[in-house]
Amino acid sequence: MFAKITKGSGAVKLAVYLAGPGRSNEHTNQHVVCASDMIATVDMGTELDHQKAVALGYELDHPNRVYGRGSTRHHIWHASLSLDAGAGVKDDAFWEGVVREFLTEMKFEGVDGDDYRWVAVRHGLSTNGNDHVHIAVSMVSESGKRWATDKDWPRASAACREIEKRHGLRLLNQGVRSPGYAEGELHALARRRAYALHERQRTQDALMVPWKFLDRAARGHLIAAQMPEVQPRYELAMKLRAATAGARSEAEFVRRARGNSMLIRPRYAEGGKAAVVGYSVALKPIHGEAPIWYGGGRLGGDLSLPSLRAGWPDQKPADAVPEWEAARRNRPTVAPEAGEVSGVDLAQYFEELNDYLRTVADVSVDDPVAYARVAREGAGLFSAWAVAAGKDGDTAAKELREAAAIFAKHAQLTDQPARAVVEPSLAYGDLCTHAAISKSRRAGAVAVVRAWATMGEHLGGAFKAHGWAVRSESLGTELRTKLDAVHDQYRTINPAKPAPQQQGGGVATMEKPARLSATQTRELRLHQLEERLRAEGVPEQAIAARMFAERQQAGAPVDRRGKMPGIPKHGSQDRARQQQRGQQEGKGL
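Residue positions within a chain follow its written sequence, with the count starting from 1. Where local features are concerned, this predicted model is filtered to residues with pLDDT of at least 70; where side-chain atom pairs are given and counted, the filter is 80 or more; whole-chain, interface and lining totals use all residues. For side-chain calculations, the full set of non-hydrogen atoms in the structure is used, while hydrogens and water are omitted.

1. Thoughts on the environment of Ile543
Elements are defined by DSSP. Helices are runs of H or I of four residues or more, strands are runs of E of two residues or more, and each kind is numbered from the N terminus. Structurally, Ile543 can be placed in helix H21 (residues 540-554). Among the residues examined, Ile543 registers a relative accessible area of 1% and is labelled buried. Distance in space between the C-alpha atoms of Ile543 and Leu529 is 9.4 Å, their sequence separation being 14 residues. Residues contacting Ile543, with those up to four places away along its chain left out, are Glu530, Leu533, Arg534 and Val538. Between buried and exposed lies partly exposed: a residue is buried under 20% and exposed over 50% of the maximum accessible area for its type, with that area taken using a 1.4 Å probe on protein chains only. Every residue pair with non-hydrogen atoms within 4.5 Å of one another is taken to be in contact.

Structure representation (structure tokens):
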């Protein structure tokens, strides 16, 4: 069941619409299902006509006329509760119970002795075939108290979830629940980086003017050059999932998060530093800018500290306090980080992985919690691969990151389940450290990517069949597209050749491709970026600013002691004006 909420000041107009023919003549048998005790205009179950609707609107509006003195401030709260199209048609008794439960959850009905006037009207199915009911409520009570409308949308959503469980309805609004972001977050990060870089360069060049004296165009070019390609909170969520995937304890999670180019700090319980109750993360500053912090739970419901701790039921939170304190003080980790598994046979990896995937395939399609767990593990695996691929300069990092995002969306349930429903195998944990891929270049990726692409289609079909997500087909179709691109790229760049057969079975190995030096790789990347920007029609001055910043960040040499190409310094402009003025005076002009 889902709710649509609107607010207004026209009680009569709303009542007339509910009793009318509808926008597409879809209203039939318009009648009142139930109402508050103060509504006495119409009988329950009798059909509404225009005259009764007008009287009903005036009666609903009475408290506002008494206490609001004709104020035009919104005082009518309107909610439409709808079942999904496949739920069939319910009777009035069902809807009366649902309406009263919903209003109680919203704190309209019987709260603190304040009575609010309300009425519920039904008029047949919607144009999409949904059985629904309309609820109109006066936000001004009989005593003149005004109902608080803050957070009414999340409260209505939570009320719908409770009603679904209570009446055995299909759970809607499952999956695809990832926090959004404001466009200003990108600009704020870019501005901080541009300011920090400019001021750092100014300490080395006395001719550069302070940031506050730059004109708007110059600042705009510098900020555009620092604009991140990936939204900060998405990048942080990916790196957190990479640190979580395969971590066997809270302390190991903290160490791995610090190794993924993140700052992480604990939030202690009140009264001391003996217990950690939350955490926040930020990207490491590139040019010395002030970091922007995000709470773990704000990045995803599965990334809150209580949700993470559910995956380590045998671990004591107190054991991780020294690692949290080391992270807060920016000191070395207490315990050494575990290195990559050395000398591991890929045949053993894939044998264990096949057992693990068979366990996943046996999950009941009627268990959304188990499917969310599988989607969460897929998000962790490909997040870890995307982070490692980005460090290696692997061009498949983008597709891996997008595949991880698709999995992550379907790992977000309204009621977030415990992480450790079934503990992942050791093979999964090792794969999340990028070990299987790095041992034979990309041999591990080709096989594992294929297996998870098939698993994604299976998950997407189950989500779609049970209505756990609005766009569940993306888990199958879009994920297959992303992972097929990764598979084809790895297979093309690193053609496989069969290894000699050994006792116990052979494993396909890869020829190591010729590797470019760090300087060559950097110059190739910068050249490709410049060509792409030029092909997109970006102005040359903006391209120059972007390339200047990229070279600074990559440690490449730049021209004229850090001067940005295409934007003259104010000092140079002043000297040019003085020379021009002197020439004019010499000519007697």
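2. Considering the packing of helix H8 (residues 232-244) against helix H9 (residues 250-258)
In this analysis, axes come from line fits to C-alpha atoms, helices being fitted only over the stretch in contact, and the angle between any two N-to-C directions falls in the range 0 to 180 degrees. Where H8 contacts H9, the axes come no closer than 8 Å and their chain directions differ by 135°. One finds that H8 runs oblique with respect to H9. With respect to the hand of their crossing, H8 and H9 are arranged in right-handed fashion. Side by side, H8 and H9 meet where Leu240, Ala242, Ala243 and Thr244 of the first sit next to Phe253, Arg256 and Ala257 of the second. We call Asp, Glu, Lys and Arg charged. Ala, Val, Leu, Ile, Met, Phe, Trp, Tyr, Cys and Pro are nonpolar, and the rest, Gly among them, are polar. Residue classes in the contact of H8 with H9 are distributed as five nonpolar, one polar and one charged. Each angle gets one of four labels, with under 35 degrees taken as roughly parallel, over 145 as roughly antiparallel, 65 to 115 as roughly perpendicular, and the rest as oblique. The sense of a crossing depends on the near helix, which, turned anticlockwise from the far helix by less than a right angle, makes the crossing left-handed and, turned clockwise, makes it right-handed.

3. Here's the deal with the confidence of the model for the protein chain
The score called pLDDT rates the predictor's confidence residue by residue, from a low of 0 to a high of 100. For the protein chain, the average pLDDT comes to 74, and 67% of its residues sit at 70 or higher. Averaged over each element, pLDDT in the protein chain is lowest for strand E10 (residues 509-510) (32) and highest for strand E7 (residues 276-283) (93). Of the regions scoring below 50 in pLDDT, residues 339-344 engages in 11 contacts with residues more than four places distant in sequence or in other chains.

4. What about the sheet that holds strand E3 (residues 76-82)?
Pairing in this open sheet of five strands is antiparallel, and the strands run E1-E3-E5-E4-E2 from one edge to the other. Across the chains shown, the open sheet's two edge strands, defined by having one partner strand only, are strand E1 (2-8) and strand E2 (31-35). If you compare each strand with its neighbour and ignore which way they point, the axes differ by 20° on average. Paired strands, in this sense, are two strands between which DSSP finds at least two bridges. Inspection of the sheet shows E2 paired to strand E4 (residues 118-122) by four bridges, in the antiparallel sense. Paired with Cys34 across the bridge in E4 is Ala120.

5. A closer look at the sheet that holds E7
Within the open sheet, the three strands sit side by side as E6-E7-E8. Their pairing is antiparallel. Strand pairing shows two members of the sheet lacking a second neighbour, strand E6 (262-268) and strand E8 (294-295), which therefore form its edges. Where E6 lies against E7, seven bridges are found, and the strand directions are antiparallel. By the bridge assignment, Leu263 is partnered in E7 with Ala282. Against the sheet, H9 contacts E6 and E7, and its axis sits at roughly 145° relative to E6.

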